[in-house]
Amino acid sequence: MKYKIDVVRIRENTMTLNGWVLGRKLDAKAEFFVEDENHNPVPFRHVPVRRDDVSQAYFKQIYDRDFGFDIRFPYERGKDYYLIIQCEGQKARVKYNEELMKKRTSVAYKRVLQLKGMMNLETLQEAVDFGKEHGIKALLLKVKHKVQGLENEYDYGEWHELTKISNEELEAQKTTHFAVEPKFSIVIPAYKTPEYYLKEMLESIRSQTYTNWEVCVADGSPRGEGVERVLKRFAQEDTRFKYVILGENKGISGNTNAAMEMASGDYIVLADHDDTLTPDALFCCVKAMNESGPYDILYSDEDKLDMDGQALFDPHFKPDFNEDLLTSVNYICHLFVVDRDLVREVGGFRQEFDGAQDYDFIFRCTEKTTKICHIPRVLYHWRCHMNSTSSNPESKTYAFEAGARAIKAHFERLGIGVESVEKGIDYGIYHTRFALETTPLVSVIIPNKDHQKDLETCLTSLLDKGTYKNLEVIVVENNSTDPETFRYYEELQKRRSQVKVVTWEKEFNFSAINNFGVTFARGEYLLFLNNDVEVIEPEVIREMLGYAVREDVGVVGARLLYEDGTIQHAGVVIGFGGIAGHTFIGLHQAESSYFHRAMCAQDYSAVTAACMMSKKSLFAQVGGFREELAVAFNDIDYCLKIRSLGKKVVYNPYALLYHYESKSRGLEDTPQKVERFNREVARFIGYWPEIVIQGDPYYNPNLTLRKSNFALRDLLKEKIGEPYPLEVYMPYMEPAVKERVSALYREKTGRDPDEPSRT
């Protein structure tokens, strides 16, 4: 017998236990009993719960079995109770009382449980399987990251308690008035909704500090299974609650549309019948509209709520509007607020997309406007239970298929050809393969100084392993000293007609060298490539071209791995480590990243030029790489120049290569190199002070800038929304630049950049 109790809660003299149990056989039946401290039986209610995650984990397949349980019984404080579980002749007896509850909710106890959870037969078997597939080094790295995760200062529950809005602030919001105070219509489709959950949702709306709202509920439940009793009571107590009993289930789309038809507000707010809103959710939306609006669409961050509504976990801190991430995964979800006139224009939910009806709706709305606001604050709690895709997306594969159709329909409306939309790393994650009407010439620019073997490995993988053949390669010889290098160049050009070697005769300047190489390029597209990369995915060029040919895209980057299979590059965030840095550095490619971001195609502010594709016409338009940035940040600067034209910089994880970075790159290990580096950083800040200080729009201010793994901000060291300290680089700035940077920094933080943080 195996069992686990996931949730233990005491509420209103009732104890609730949620968990699962199974035996060796698939059809093994479990029995439950509850006793008091004198071993007398206690009456309890037992509801079987389907647990597809348990079925998949232990039987390697989804079965229609109720492995889970929800047990509730009357609880008297100060007394002991026991849950007895019996299955296949085995028996477990688990004790509960208030003291144990306090102990089990402590951080130390949670960490003990986490460590204990890592030391069982199932975890051991999982580790063995992972090691067999990915190697012992990858396994040790994964264990290291697991243990490091236990060393965080707090889990999300603690973090939320430290950052949530205070009661005093909530009271102040109730008396705040704005110049623009729109009416919100919160539309809720109901179907066989547990009354308890619906009450929580409606109470969370009634508790809003902003009061110009209405609730529109359409109940499509069968007769005898509806929630009219609850709806009627709320409507009698407050006329802002409106509802309609449909008498039939019109499906999620039909029920939602029926709720929308009741709406009279300026904005439609989508909400599910079993979730909850934070008390300041609508206030934050109105505040954003008045401060920086008007907006047609607003969306917020969100987290998950356990079945009892007592524990918050798994926060999703999102980027500002990210069109290509949206086509990889429906990252927007909740809270989603949309102008009612825009809803009239695009139409309501469409039944043919049921399962991903909100995904399709969000696409159609975002296609029609650029007035989109992301509020970087959790305003919505998504209840997690085994029938919801938030908990178990694999249990609803039909939702994945509907989502793929929604993506195809989106690109069709935009006039972008798509070959296929495939399953990515998980259900709900999509890999779009774009159609190429032609095979344009791609000019590959590779600077090289000696390192013949590295260059040969690079070229062999690109030209022989790679499937895209319409390439020319321009090797820019840069001050090589080994005579063997020049003999290799001669032999290389005789052996490979696509390769041309040109010579840069001045001092090293990465920007100037690449600009020089481009003057020899004949292709419509440029691929900047380091000499120490090796192709892993044969269709790497095609994957990058699929995005590069789009009119709205100016730069495309790739996923790069170190030799040991860990991530070297998966996009660039402005602010990481001081100025800018790569995401998810050191994470093994087999490990899960934050909401699978490392494996999602998406827009970023920048990507690395170790493997970067761009249109030659745009390269000329922005003047190529800035030669004042001779070594560092020239590729990031180039990406920001392209973005200033209104073009996107896209990271494509399916364009996969090794990057043996340390082989050909020196360290900043001398005073002269450190001096040069600091001057280039100061120069870069002078070019782009707004994004450095205001923050990267594709990164969330609630996440840390000290690490590349999208961890929560360390509240002991980082103030939420505050930029990384810049005092190291201020002395290297020209007076005018320093004044401008200081003014922006003071506006953002209330202090000068060289003052110590008050965090």
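Placed above this text is the structure.
Let us look at the structure shown here. (Residues numbered from 1 in each chain as written. Predicted model: local features only at pLDDT ≥ 70, side-chain atom pairs only at ≥ 80, totals over all residues. Heavy atoms only, no water.)

### Let's talk about the sheet that holds strand E6 (residues 81–87)
Step number 1: Spatially, E3-E6-E7 is the arrangement adopted by the 3 strands of the open sheet, whose pairing is antiparallel. The two strands at the open ends of the sheet, each matched to only one other strand, are strand E3 (30–36) and strand E7 (90–96). This sheet shows a mean twist of 20 degrees between the axes of neighbouring strands, independent of strand direction. (Pairing = 2+ DSSP bridges. Helix = DSSP H or I, 4+ residues; strand = E, 2+ residues; numbered from the N terminus. Axes fitted to C-alpha atoms, helices over the stretch in contact; angles between N-to-C directions.)

### Structural notes on unusual backbone geometry
Across the chain, the bulk of peptide bonds are trans and the bulk of non-glycine residues have phi less than zero.
Step number 1: Each neighbour pair has its own omega, and for Gly293 with Pro294 the value is 5 degrees, a cis peptide bond.
Step number 2: When you line up the elements, Pro294 lands in the loop between helix H11 (281–292) and strand E13 (297–305).
Step number 3: In this model, His334 is joined to Leu335 through a cis peptide bond whose omega is -15 degrees.
Step number 4: Along the chain, Leu335 falls in the loop between helix H12 (323–326) and strand E15 (336–339).
Step number 5: Its identity is not glycine, yet Lys192 carries a phi of approximately 50 degrees, on the positive side.
Step number 6: Relative to the helices and strands, Lys192 resides in the loop between strand E8 (184–190) and helix H8 (195–206).
Step number 7: A relative accessible area of 41% places Lys192 in the partly exposed class.
Step number 8: The phi dihedral of Asn479 falls on the positive side, at around 60 degrees, and the residue is not glycine. (Buried < 20%, exposed > 50% of the residue type's maximum accessible area, 1.4 Å probe, protein only.)

### A closer look at the nonpolar core
Step number 1: If you look at the biggest cluster of nonpolar residues, it comprises 84 residues, and the most contacted ones within it are Phe336, Phe361, Val442, Leu529 and Ile541.
Step number 2: With 7 residues, helix H15 (residues 397–414) is the largest single contributor of residues to this core.
Step number 3: Contact partners of Val442, with chain neighbours within four places excluded, come to Tyr468, Asn470, Leu471, Glu472, Tyr525, Leu527, Ile541, Leu545 and Met613.
Step number 4: Counting residues in each nonpolar core, the second largest holds 69 residues, with Val573, Phe584, Val681 and Tyr699 among its members. (Core = buried A, V, L, I, M, F, W, Y, C linked by side-chain atoms within 4.5 Å. Contact = heavy atoms within 4.5 Å.)

### Thoughts on the side chain of Thr369
Step number 1: Take Thr369: it is sitting in the loop between helix H14 (357–366) and strand E16 (372–383).
Step number 2: Engagement of the side chain of Thr369 in a polar contact is seen with the side chain of Asp296, the distance being 2.6 Å.
Step number 3: Among the polar contacts listed, one links the side chain of Thr369 to the backbone nitrogen of Lys371, at a separation of 2.9 Å.
Step number 4: Excluding its chain neighbours within four sequence positions, the residues that come into contact with Thr369 are Asp296, Ile297 and Leu342. (Polar contact = N/O pair within 3.5 Å; in protein donor to acceptor, adjacent residues only side chain to side chain.)

### Describing the state of the cysteines
Step number 1: Counted under the stated rule, the structure contains 0 disulfides.
Step number 2: Left unpaired, Cys284 is separated from the closest cysteine sulfur, that of Cys285, by 7.0 Å.
Step number 3: On the basis of relative accessible area, Cys284 is assigned to the buried category, the value being 12%.
Step number 4: Of all cysteine sulfurs in the structure, the one in Cys458 sits closest to Cys611, which takes part in no disulfide; the separation is 9.0 Å. (Disulfide = S-S within 2.5 Å.)

### Digging into the pattern of salt bridges
Step number 1: Summed over all chains, the structure comprises 41 salt bridges.
Step number 2: With its nearest N and O atoms 3.0 Å apart, the salt bridge here joins Lys287 to Glu291. Of the two residues, Lys287 and Glu291 both sit in helix H11, 4 residues apart, roughly one turn of that helix.
Step number 3: Shared partners join several salt bridges into a network, and the residues in it are Glu323, Asp324, Arg550, Asp552 and Lys648. (Salt bridge = Lys/Arg side-chain N within 4 Å of Asp/Glu carboxyl O.)

### Notes on the packing of helix H16 (residues 452–465) against helix H17 (residues 483–495)
Step number 1: For the pair H16 and H17, the least separation of the axes is 10 Å and the interaxial angle reads 20 degrees. With respect to each other, H16 and H17 are oriented roughly parallel. Of the two elements, H16 crosses H17, and the hand of that crossing is right-handed. Where H16 abuts H17, its residues Gln452, Leu455, Glu456 and Leu459 lie against Glu484, Thr485, Tyr488, Tyr489, Leu492 and Arg495. (Parallel < 35°, antiparallel > 145°, perpendicular 65-115°, else oblique. Left-handed = near helix turned anticlockwise from the far one by under 90°.)

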